[in-house]
Protein chains: 2
Amino acid sequence: MTKQERATRTRQALIRSAAAVFEQHGYAQARLALISSGAGVSTGALHFHFENKAAVAEAVMAEASQGLRDMSAAIRRRTDTALQALVDTSHALVERLRGDPVSRAGFRLSCDGGRAAAPDLRMEWHHRVRELLEEAAAAGTLADDITREDAAAATVAVTAGFEVLGRHDAEWLSPYRLTGFWQLLLPRLATPETLVRVDPSGTATVPPARGPALAGRVVGEADLPAGATAVAAEAT
Amino acid sequence: MTKQERATRTRQALIRSAAAVFEQHGYAQARLALISSGAGVSTGALHFHFENKAAVAEAVMAEASQGLRDMSAAIRRRTDTALQALVDTSHALVERLRGDPVSRAGFRLSCDGGRAAAPDLRMEWHHRVRELLEEAAAAGTLADDITREDAAAATVAVTAGFEVLGRHDAEWLSPYRLTGFWQLLLPRLATPETLVRVDPSGTATVPPARGPALAGRVVGEADLPAGATAVAAEAT
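Just so it is clear, the structure is predicted and the values come from calculations on it, not from any experiment.

Undergrad: I'd like to hear about the relation of the copies chain A and chain B, residue by residue, with values.
TA: Overlaying chain A with chain B gives an RMSD of 0.0 Å, the required rotation being 180 degrees about an axis along which the chain moves by 0.0 Å. The operation mapping one copy onto its partner corresponds to a two-fold rotation axis. Take the interface residues of chain A: 100% of them recur as interface residues in chain B, which is what a same-surface contact looks like.

Undergrad: Could you give an account of the packing of aromatic side chains, with specific residues and numbers?
TA: The full count for this structure, using the stated rule, is six aromatic pairs over all chains. Plain terms: the ring middles of Phe22 of chain B and Tyr27 of chain B are 5.5 Å apart, the flat faces sit at 40 degrees to each other, and that makes the pair tilted. According to the relative accessible area criterion, Tyr27 of chain B is partly exposed, its value standing at 25%. Taking NZ or CZ as reference, Arg177 of chain A lies 4.4 Å from the ring centre of Trp172 of chain A, over its face.

Undergrad: Which residues make up the packing of helix α5 (residues 82-99) of chain B against helix α7 (residues 121-138) of chain B, and what are the values?
TA: All names here are of chain B. Two elements in contact, α5 and α7, have axes separated by 8 Å at closest approach and are oriented at 160 degrees. When the interaxial angle is binned, α5 and α7 end up roughly antiparallel. For the pair α5 and α7, the sense of crossing is left-handed. On the side of α5, the interface is formed by Ala82, Leu83, Ala85, Leu86, Thr89, Ser90 and Leu93, while α7 contributes Trp125, Val129, Leu132, Leu133, Glu135 and Ala136. Grouping the constituent residues of the contact of α5 with α7 by class yields ten nonpolar, two polar and one charged.

Undergrad: Tell me about the packing of helix α8 (residues 148-166) of chain B against helix α9 (residues 175-189) of chain B, and please be specific about residues and values.
TA: Residue and element names in this part refer to chain B. The geometry of α8 relative to α9 is characterised by a closest axis approach of 12 Å and an angle of 170 degrees between their N-to-C directions. In terms of orientation, α8 lies roughly antiparallel with respect to α9. Across the interface between the two elements, Ala151, Ala154, Thr155, Val158, Thr159 and Phe162 from α8 touch Arg177, Leu178, Phe181, Trp182, Leu185 and Leu189 from α9. Here the residues of the contact of α8 with α9 sort into nine nonpolar, two polar and one charged.

Undergrad: Give me the lowdown on the pattern of salt bridges, citing residues and values where you can.
TA: Under the definition given, this model contains 23 salt bridges over all chains. For the salt bridge of Glu131 of chain A with Arg128 of chain A, the shortest nitrogen-to-oxygen distance reads 2.7 Å. Of the two residues, Glu131 of chain A and Arg128 of chain A are both situated in helix α7 (residues 121-138); the distance of three residues between them amounts to about one turn of the helix. Residue classification places Glu131 of chain A among the partly exposed positions, given a relative accessible area of 34%. Because the salt bridges share partners, they merge into one network encompassing Arg130 and Glu149 of chain A together with Glu171 and Arg177 of chain B.

Undergrad: Tell me about the interface of chain A and chain B, residues and numbers included.
TA: Between chain A and chain B, the contact holds 34 residues from the first and 34 residues from the second. Buried surface at the junction of chain A and chain B, both sides included, amounts to about 2,700 Å², of which 68% is carbon and sulfur. When the area that chain A buries against chain B is broken down by residue, the three leading residues are Asp150, Leu184 and Arg188 of chain A, summing to 22%. On inspection of chain A and its partner chain B, the count reaches two salt bridges. The salt bridge involving Arg177 of chain B is made with Glu149 of chain A; its shortest N-O contact spans 3.4 Å.

Rules used throughout
- Residues numbered from 1 in each chain as written.
- Chains lettered and ligands numbered in written order.
- Predicted model: local features only at pLDDT ≥ 70, side-chain atom pairs only at ≥ 80, totals over all residues.
- Heavy atoms only, no water.
- Least-squares fit on C-alpha atoms with pLDDT ≥ 70 in both.
- Contact = heavy atoms within 4.5 Å.
- Phe/Tyr/Trp six-rings, centres within 6.5 Å; stacked < 30°, edge-to-face > 60°.
- Buried < 20%, exposed > 50% of the residue type's maximum accessible area, 1.4 Å probe, protein only.
- Lys NZ or Arg CZ within 6 Å of the ring centre and 35° of its normal.
- Axes fitted to C-alpha atoms, helices over the stretch in contact; angles between N-to-C directions.
- Helix = DSSP H or I, 4+ residues; strand = E, 2+ residues; numbered from the N terminus.
- Parallel < 35°, antiparallel > 145°, perpendicular 65-115°, else oblique.
- Left-handed = near helix turned anticlockwise from the far one by under 90°.
- Nonpolar A, V, L, I, M, F, W, Y, C, P; charged D, E, K, R; others polar.
- Salt bridge = Lys/Arg side-chain N within 4 Å of Asp/Glu carboxyl O.
- Buried area = accessible area lost by both parts, 1.4 Å probe.

By themselves, these observations are geometric and do not establish any function.
See the structure below:
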């Protein structure tokens, strides 16, 4: 392993450890010594990578943001309709909030703190939801009598709600909760012809680990959408 | 003013001041000296009413919980159908989150902290949503093909989402956002005969300040549902 590879691994370990510490103690109470020891390195090594606690938090949020974008792009590539891509991406987001501490801590930090330099994960998600609904409208798959902005806001609010409710009761992050929401909403959103082709529980398959968006990234369980692990296990 | 009245007023002033301090600094960073000075009393006076910071936070949550229950009961008394009462109560809740620091801080503390003794405001709200949907189903006003539990979960998640998104951008707590959600959802929830009788923007009128639930409480602006102040102003 080169020095560069070791440094990258240490940085990733620090980000993962920080996510766990922020989640357990909150940002204000999180101690840098706990973060470095959780990553198995000294506080000196931490300061080689990050100037202070705010910089660590920003790295956690940036990592969560990058993960969300990669996942969203990979899902769009493998999905026929924009509406199904919206459903699938929302399921993959909730799955990440359940299984990936970095995504969970990233969203929480992005929500609770007043860090101007950091990405606003909810705003990025809102932006993506809007894009997919615009694409669905352009393809003529959206019902005429709905307001796209209302549909985007409801989707973003529901997922933000699942996230915050899921902090205390993980059942809110179960796939069936989100499926129930789409079962309610899709008959209002989609034209009748489209509705029969969209699966409210998502069409989770293992995204191919290729393409520039995934280059240099390790696809772990947390990168897969809901159910993908089970599908992968059955396929082997 | 009797000693008892003065004590009650001081306690209320401390709760309001604490809500503002918790909101601005977060629970972990909130200082008792700031809470007492915000209420215009000494820290000694604060300790006469509350043992410690956790007790102050619990009082804020209890006050928010009581307010939610009183409001919900008042709205049900003055509303014809359970479905309209659900819409109206959700609008009144969002209005409180926008205009009443005690409700806002109460929900936030109830969400972020791990205080076992405190009321869980989101769980109470979920319980109330379930009750109203059960009542609507018993009255035959709910569509046959929807799952009540999904409808309750979506409603609770959307309002929790508005709350958390509204912390950084108050527009999420605007009445039109919630109206947009009900415009999407109501055609799925209600029977066609009921749908024409339910107003997704809520039927805000000033609730009468009577009945045991409101006894001894001052009905201020924060106790009124969305639009009630404007209605009251027009009526005079």
